[in-house]
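Summary of structural features
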Amino acid sequence: MENSFKKELYNQPLVFSVLKPPGPSSFDIIRHFKKNLPFKPRKIGHFGTLDPFASGVFLVGLNSALRLNELAHEHNRKTYLAIGKIGYTTDTGDRTGSICLNSSYKPTLAEINKALNCLASNEYKQTPPHYSAAKCNGKPLYKWARQGVLIQKDAVQRTIFEARIVKYHYPYLSIKVSVSTGTYIRKLFEDLLELCGTRGHLISLVRTNIGPFNLKNSILKKNWPKIIDNRKHIENLSFRLTNILPFEKLDIGPENSKKFLNGCKINVSTQEHYNWIMSNKQVLGIGKNINQEITPHIVFKN
C-alpha cells in the first residue's frame with residue numbers, strides 16, 4: 001500500500017459491519033482491528049456493544065464516522081434472534097451466570113404469545129441488568145456487580161417495534177424482536193417469562209440487523225485482519241456514509257459548502273429534519289433544519 005493511500009485513510013470516515021462470533025468482547029474486536037489494520041486510523045470505536053456470549057452484527061467506525069453514533073442509534077432499529085431456557089434465572093441473565101431463581105411452571109404457547117403482545121403493545125420500561133455496560137458514577141454496572149455491589153437503576157422507556165415467537169418446545173423458547181437502542185434482550189426475556197409466571201434466561205443471542213446492516217453484508221472473522229489492503233477493498237467492504245442513515249441528500253453548491261464546513265448556517269430550502277449535505281458528490285456532513293435554515297450538525301473535515 002502506498003504511503004499516500006495510508007495517509008488518506010488516516011482521516012477518512014469509514015464504517016464496517018462485522019460479524020461478531022460468540023466469545024470475544026466488543027473491546028476485544030476493537031483492539032484486534034486497531035492492531036491489525038494495515039494503517040493507523042486517527043480514531044477507532046464501535047456503534048454499540050454486544051455481550052461476549054452473543055454474536056451478530058457489530059459496527060466498527062473509523063475517524064469522524066464515529067460522530068454518527070448517536071444518530072445511528074436513534075434512527076436504526078436493532079433486530080435480534082434470542083433463544084432462551086425456561087426454568088430458572090441467572091445473575092447475568094444468560095448462560096454464563098449462576099442460578100438465582102427457579103420455577104417449575106410451564107407456560108403454554110398462548111400464554112407466552114399474550115405476554116409478548118402485551119410487552120410490544122404497551123409502554124415498556126426496562127431496568128438495566130446488574131451485569132451491563134450501563135454506568136453509575138462513571139463505572140459500568142457489571143464492574144460494580146463483580147465487586148458484590150448490585151445497583152438498581154431507574155427503569156427507562158424502550159420501544160418494541162416487532163416481536164414474535166419463532167419456536168417453542170419447553171424448556172426452550174426462541175423469539176425474534178426488533179427494538180429501540182439501549183434495550184437489553186436478556187432483561188426483555190426475563191420480563192417476558194415473569195409475565196407468564198415463570199423464570200428464564202438466554203442461552204443464545206444473535207443481532208441480525210442494525211438498520212441497513214445485516215448478517216449477509218457483514219465481514220466474516222477470517223477477513224478481519226486484512227479488510228483494507230487496497231481501494232477496491234474499501235469500496236466493497238465499507239458502507240457508503242449516506243447508506244448508514246435514511247436521510248435525503250442535499251447538494252448545496254461550492255459557495256455554501258465553504259460556509260457549511262466553517263460551521264455557518266446556510267439558507268437552503270428543505271422539508272427534511274436532517275439531510276446529508278453534499279457538494280460535487282462529496283459528503284460534507286449532516287445538516288439540521290432549524291427555522292428553514294440548514295445548521296451544521298455534523299461536519300466531516302479532512
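See the structure printed just above.
Counting restarts for each chain, with residues numbered from 1 along the sequence as it is written. Residues qualify for local features only when their pLDDT is at least 70, as the model is predicted, and side-chain atom pairs are given and counted only at 80 or more; totals for whole chains, interfaces and linings, by contrast, use all residues. Calculated side-chain values reflect all of the structure's heavy atoms, with hydrogen atoms and water omitted.

1. A word on helix α6 (residues 185–195)
Rules: Relative accessibility decides the category of a residue: with a 1.4 Å probe and only protein chains considered, values under 20% of the type maximum give buried, values over 50% give exposed, and everything between is partly exposed. Think of it this way: any DSSP run of H or I at least four residues long counts as a helix, any run of E at least two long counts as a strand, and we number them from the N terminus. Contacts are assigned to residue pairs with any non-hydrogen atoms lying within 4.5 Å of each other.
Most of α6 is tucked away: eight of the 11 residues are buried. Turning to α6, its buried residues are Ile185, Arg186, Lys187, Leu188, Phe189, Asp191, Leu192 and Leu193. Against β4 (78–86), α4 (109–121), β7 (124–126), β11 (160–169), β12 (172–179) and β13 (200–210) lie the buried residues of α6.

2. Describing the state of the cysteines
In plain terms, the rule: When two cysteine sulfur atoms lie within 2.5 Å, the pair is treated as a disulfide.
For the coordinates displayed, the defined rule picks out zero disulfides. Residue cysteine 118 stays outside any disulfide, its sulfur separated by 10.0 Å from that of cysteine 196, the closest cysteine.

3. A short note on the nonpolar core
For clarity, the threshold we go by: The term nonpolar core refers to a set of buried residues drawn from Ala, Val, Leu, Ile, Met, Phe, Trp, Tyr and Cys, joined through side-chain atoms within 4.5 Å.
Residues Val60, Leu173, Ile185 and Leu192 are the most contacted members of the largest nonpolar core, which totals 40 residues. Broken down by element, this core gets its largest block of residues, five residues, from α6. For isoleucine 185, the residues in contact, after removing those within four places along its chain, are Tyr80, Ala82, Val177, Val179, Leu202 and Leu205. In this structure, Phe47, Leu68, Phe239 and Met278 belong to the second largest nonpolar core, which totals 21 residues.

4. So, the packing of α4 against α6
For any two helices packed against each other, the geometry comes down to the angle between their axes and how far apart the axes lie. Inclusion rule: Every angle, taken between N-to-C directions, lies between 0 and 180 degrees, and every axis is a line fitted to C-alpha atoms, over only the stretch in contact when it is a helix. Any angle between 65 and 115 degrees counts as roughly perpendicular, while under 35 counts as roughly parallel, over 145 as roughly antiparallel, and the rest as oblique. By convention, the crossing between two helices is left-handed when the near helix turns anticlockwise from the far helix through less than a right angle, and right-handed when the turn is clockwise.
Where α4 contacts α6, the axes come no closer than 9 Å and their chain directions differ by 125°. On the basis of the axis angle, α4 is oblique to α6. Where α4 crosses over α6, the two elements pack in a sense that is right-handed. Of the residues in α6, those touching α4 at Ile112, Ala115, Leu116 and Leu119 are Leu188, Leu192 and Leu195.

5. Quick notes on the environment of isoleucine 252
In this fold, isoleucine 252 is placed in the loop between β15 (248–251) and α9 (253–261). Sequence-wise, isoleucine 252 and leucine 284 are 32 residues apart; in three dimensions their C-alpha atoms are separated by 9.8 Å. The residues touching isoleucine 252, leaving out its near neighbours within four places in the chain, are Ser257, Phe260, Ile266, Val268, Ile277, Met278 and Leu284.

6. Details of the side chain of histidine 201
Which entries qualify depends on this criterion: Between N or O atoms, a polar contact is any pair within 3.5 Å; within protein, one atom must be a potential hydrogen donor and the other a potential acceptor, and residues adjacent in sequence are included only when both atoms are from side chains.
Examined against the element boundaries, histidine 201 turns out to sit in strand β13. On the basis of relative accessible area, histidine 201 is assigned to the buried category, the value being 2%. A distance of 3.0 Å separates the side chain of histidine 201 from the backbone oxygen of tyrosine 88, its partner in a polar contact. Filtering out sequence-adjacent residues up to four positions away, histidine 201 remains in contact with Gly84, Lys85, Tyr88, Thr89, Thr90, Gly93, Asp94, Arg95 and Phe189.

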